[in-house]
Amino acid sequence: DAGITQSPRYKITETGRQVTLMCHQTWSHSYMFWYRQDLGHGLRLIYYSAAADITDKGEVPDGYVVSRSKTENFPLTLESATRSQTSVYFCASRETGYNSPLHFGNGTRLTVT
Amino acid sequence: GQQVMQIPQYQHVQEGEDFTTYCNSSTTLSNIQWYKQRPGGHPVFLIQLVKSGEVKKQKRLTFQFGEAKKNSSLHITATQTTDVGTYFCNTISNFGNEKLTFGTGTRLTIIP
């Protein structure tokens, strides 16, 4: 969807480096999410945010940090990248109310060497 | 915690054959959403089911929610090459937890 953009699309980084993945949405959705997608594991929730300055852990939060100072942005930071964090990362947003559908960004393919 | 199993993990079908994927939960669900992800793409919302026993159709796709609200299915009639992709269910338990749980997905490939 054009309303949610992720950057970069592709990133190669070295073990131990810090890397930040960006997510920006233009719908003013309250909720934003970060997922990682790996073969055999489907989509696993890393962190989510219910509003600006409100974040909570998902299923696999270790090694990741998030912040949400503005409603439209939800960056994901890998403080010290490891090879096990090589994955495709998707950001998503939705309106308030768990019945609302998720809108996904195009994803960031991250390789940690 | 809530566990969601999606089967099969892979399905290869001849073009024109039918296809079904199942989503099974260990707990009662409030609702279930289905998404499709084309190869190299991102998940796209297809439909949501809320009521016990609910059946919804989108052209050749039929979605069902079980009577006990613990399982769901997606059935595609007469598959076409455009149906290729991975189909995911996304669920939320009746405990009202905001942490939606995705199934592991079913990857559908079509043999022309």
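The structure displayed is predicted, hence computed values, not measured ones.

Peer 1: Run through the overall build of chain B, naming residues and quoting values.
Peer 2: Along its length, chain B carries 0 helices and 11 strands. Of the regular secondary structure in chain B, the N- to C-terminal order runs β-β-β-β-β-β-β-β-β-β-β. Radius of gyration (C-alpha) of chain B: 14 Å, near the 13 Å computed for a compact globule of 112 residues. Each principal axis of the C-alpha atoms in chain B carries an extent, and together these give about 45 × 25 × 20 Å. Counting every position in chain B, which comprises 112 residues, the buried fraction comes to 47%.

Peer 1: Describe the sheet that holds strand E7 (residues 64-66) of chain A, listing the residues and the values that go with them.
Peer 2: Residues and elements named next belong to chain A. Overall, antiparallel pairing links the 4 strands, which are arranged E1-E3-E8-E7 in an open sheet. Only two strands of the sheet have a single neighbouring strand rather than two, namely strand E1 (4-7) and E7. Taking the axes of each pair of neighbouring strands and ignoring which way they run, one obtains an average angle of 15 degrees across the sheet. Relative to strand E8 (residues 76-78), E7 runs antiparallel, the two being bridged by 3 bridges. When the sheet's bridge partners are listed, Val-66 is paired in E8 with Leu-76.

Peer 1: How would you explain the side chain of B:Thr79 if you had to name every residue and give the values?
Peer 2: Of note, B:Thr79 is situated in the loop between strand E8 (71-76) and strand E9 (85-93). Sequence-distant contacts of B:Thr79, that is, excluding residues within four places in its chain, are made with B:Val13, B:Gln14, B:Glu15, B:Gly16, B:Glu17, B:Asp18, B:Phe19, B:Arg60 and B:Ile110.

Peer 1: Before we move on, can you summarise the pattern of salt bridges with the specific residues and values?
Peer 2: The final tally for this structure, using the stated rule, is 5 salt bridges over all chains. In this structure, A:Arg36 engages A:Asp38 in a salt bridge whose closest nitrogen and oxygen atoms are separated by 2.8 Å. A salt bridge links B:Lys56 to B:Glu54; its shortest N-O distance comes to 3.7 Å. Under the relative-accessibility criterion, B:Lys56 is labelled partly exposed at 30%.

What counts, and at which threshold
Residues numbered from 1 in each chain as written. Chains lettered and ligands numbered in written order. Predicted model: local features only at pLDDT ≥ 70, side-chain atom pairs only at ≥ 80, totals over all residues. Heavy atoms only, no water. Helix = DSSP H or I, 4+ residues; strand = E, 2+ residues; numbered from the N terminus. Rg over C-alpha atoms; globule rule 2.2 N^0.38 Å. Buried < 20%, exposed > 50% of the residue type's maximum accessible area, 1.4 Å probe, protein only. Pairing = 2+ DSSP bridges. Axes fitted to C-alpha atoms, helices over the stretch in contact; angles between N-to-C directions. Contact = heavy atoms within 4.5 Å. Salt bridge = Lys/Arg side-chain N within 4 Å of Asp/Glu carboxyl O.

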